[in-house]
Amino acid sequence: MRHWLWLPVLSLACGPKTPPAPAAPLVGWVQQDGWAGACYFPQNFDEVGGGAKRIARSEAITAVFAQWRGEKDSIVHFEDSIVTAAETTILGNPDKMEWVSRENAEQCADAMRRGGNMTAWTSWFMAAVPRMQEGLCPYTPLDYTVYDYLSITTGWQFDRRVCAGDEFDVSASLIDFYKLSADGPWINAAGDTSQSAVGTQLPCNLETCYPGQVIMRFKGDDGYETIVPVGAGVKFTAPGHGQVWVQINDDSFSDNTFKVEAGMQHHTSIEYDGEN
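Describing the pairing of strand 5 (residues 167–172)
And step 1. Only one face of strand 5 is covered, namely the face carrying Phe 168, Val 170 and Ala 172; the face carrying Glu 167, Asp 169 and Ser 171 is uncovered.
And step 2. Both strand 5 and strand 9 (residues 233–237) contribute to a ladder of 5 bridges, which runs antiparallel. Looking across to strand 9, one finds that Ser 171 is bridged to Gly 233.

This is the structure:
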């Protein structure tokens, strides 16, 4: 006779394991266990926009530069002149603070994990400053207003450095008069409009140019050069980084004279106005 032995069968349900929750992103000043000091972690700039992004950049600029100057702790203090160069670049181009602050946080964290060893971080910083400046204008943009008085006895003058895309107005006073020769007519910054400069050897000899007219020269760092008539005024956009000058449209300055009235000599004023 057979005896059946019934054994209970245990069913073990083996479902998928729940993955651990991702660690919260590090934001702001953080000093983890074992670190020699704190590091600043910026917000995720890709997740914010508009005014929030501008605020995040501003907070990163304040924090990172304070740290670089040694204002956060005694471990970190980069060379002041290079920090100043970086600050000048970033303040003019705050969008660059996004990658700078992210990479800086990585370098800082690595240094603090190593007991405050600054070797790698310092090397990164020295290489990062030229990277910040890549493609940027080496001059102060002409976004301000500046005045001077025109000399009619010398050539190109009143030089200013400009950056590509700088848009500014160049103007000259029309109430001041001068002559190009003793027997010539009194003219102002518009020049002698009774004569054409076309076909002459004058610096500006286009159809819109006249003898004695105030003109401007632009010379780019790449060698490109152009001369434009100014007269009473012209709006100019710099096609590249370079330099601008003005003079009157003349090739012989020795006999030029300003008008004198009631004992007062006229003086033609020149203005570059980049505050548009």
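Observations concerning the packing of helix 1 (residues 50–68) against helix 3 (residues 97–113)
And step 1. Helix 3 packs onto helix 1 with a crossing angle of 45° between their chain directions and a minimal axis gap of 10 Å. Taken together, the axes of helix 1 and helix 3 lie oblique to each other. When the axes of helix 1 and helix 3 are compared, the crossing they make is left-handed. Where helix 1 abuts helix 3, its residues Lys 53, Arg 57, Ala 60, Ile 61, Val 64, Phe 65, Gln 67 and Trp 68 lie against Met 97, Glu 98, Val 100, Ser 101, Asn 104 and Cys 108.
And step 2. Here the residues of the contact of helix 1 with helix 3 are counted per class, giving 8 nonpolar, 3 polar and 3 charged.

Focus: the pattern of salt bridges
And step 1. Evaluation of the coordinates by the stated rule reveals 8 salt bridges.
And step 2. Ionic pairing is found between Asp 110 and Arg 114, a salt bridge with its closest N-O pair at 3.1 Å.
And step 3. Salt bridges sharing common partners tie together Lys 53, Arg 57 and Glu 98.

Details of the confidence of the model for the protein chain
And step 1. Residue-level pLDDT values for the protein chain average 91, and 91% of them are 70 or greater.
And step 2. Taken as a whole, residues 9–13 scores under 50 in pLDDT and shows 0 contacts with residues more than four places along the chain or in a different chain.

Brief notes about the environment of Lys 96
And step 1. Relative to the assigned elements, Lys 96 resides in the loop between helix 2 (80–92) and helix 3.
And step 2. On the basis of relative accessible area, Lys 96 is assigned to the buried category, the value being 15%.
And step 3. Once the C-alpha coordinates of Lys 96 and Met 132 are considered, the two residues, 36 residues apart in sequence, prove to be 6.8 Å apart.
And step 4. When residues no more than four places from it in sequence are discounted, the contact partners of Lys 96 are Ile 90, Met 132, Glu 134 and Leu 136.

As for the sheet that holds strand 3 (residues 145–149)
And step 1. The antiparallel open sheet is built from 4 strands, whose spatial order is 3-14-5-9. What marks the edges here is a single partner per strand, and that holds for strand 3 and strand 9. With direction set aside, neighbouring strand axes in the sheet form an average angle of 15°.

Some points on the pairing of strand 7 (residues 214–220)
And step 1. Burial within strand 7 is extensive, with 6 of its 7 residues counted as buried.
And step 2. Sheet analysis places strand 7 next to strand 8 (residues 225–229), joined by 5 bridges and oriented antiparallel. Among the inter-strand pairings, Met 216 is bridged to a residue of strand 8, identified as Val 228.

Some remarks on the packing of aromatic side chains
And step 1. As enumerated under the stated definition, the model contains 14 aromatic pairs in all.
And step 2. With a centroid separation of 4.4 Å and an interplanar angle of 10°, the aromatic rings of Phe 158 and Tyr 272 are classed as stacked. In this pair, Phe 158 is assigned in strand 4 (residues 157–162) and Tyr 272 in strand 14 (residues 269–273), connecting sequence segments 114 residues apart. Here the two residues Phe 158 and Tyr 272 agree in accessibility, since each one is buried.
And step 3. Between Phe 168 and Tyr 272 the ring centres are 6.1 Å apart and the planes differ by 65°, which places this aromatic pair in the edge-to-face class. Of the two residues, Phe 168 is situated in strand 5 and Tyr 272 in strand 14; the sequence distance between them amounts to 104 residues.
And step 4. The rings of Phe 65, Trp 68, Phe 78, Trp 121, Trp 124 and Phe 125 are connected pair by pair, giving a single aromatic cluster.
And step 5. Above the face of the Trp 186 ring, Lys 179 is positioned so that its terminal group lies 4.6 Å from the ring centre.
And step 6. The ring of Trp 245 is capped by Arg 217, whose NZ or CZ atom sits 4.5 Å from the centre of that ring.

Topic: the nonpolar core
And step 1. Counting 33 residues, the largest nonpolar core has Phe 65, Trp 68, Phe 78, Met 97, Trp 121, Phe 125 and Met 132 as the members making the most contacts within it.
And step 2. For this core, the secondary-structure elements that each account for two or more residues are strand 2 (39–41), helix 1, helix 2, helix 3 and helix 4 (119–133).
And step 3. Non-local contacts of Met 132, meaning those with residues more than four positions away in its chain, are made with Trp 68, Ala 86, Thr 89, Ile 90, Lys 96, Trp 99 and Val 100.

Calculation notes
- Residues numbered from 1 in each chain as written.
- Predicted model: local features only at pLDDT ≥ 70, side-chain atom pairs only at ≥ 80, totals over all residues.
- Heavy atoms only, no water.
- Buried < 20%, exposed > 50% of the residue type's maximum accessible area, 1.4 Å probe, protein only.
- Helix = DSSP H or I, 4+ residues; strand = E, 2+ residues; numbered from the N terminus.
- Pairing = 2+ DSSP bridges.
- Axes fitted to C-alpha atoms, helices over the stretch in contact; angles between N-to-C directions.
- Parallel < 35°, antiparallel > 145°, perpendicular 65-115°, else oblique.
- Left-handed = near helix turned anticlockwise from the far one by under 90°.
- Contact = heavy atoms within 4.5 Å.
- Nonpolar A, V, L, I, M, F, W, Y, C, P; charged D, E, K, R; others polar.
- Salt bridge = Lys/Arg side-chain N within 4 Å of Asp/Glu carboxyl O.
- pLDDT = per-residue confidence, 0-100.
- Phe/Tyr/Trp six-rings, centres within 6.5 Å; stacked < 30°, edge-to-face > 60°.
- Lys NZ or Arg CZ within 6 Å of the ring centre and 35° of its normal.
- Core = buried A, V, L, I, M, F, W, Y, C linked by side-chain atoms within 4.5 Å.

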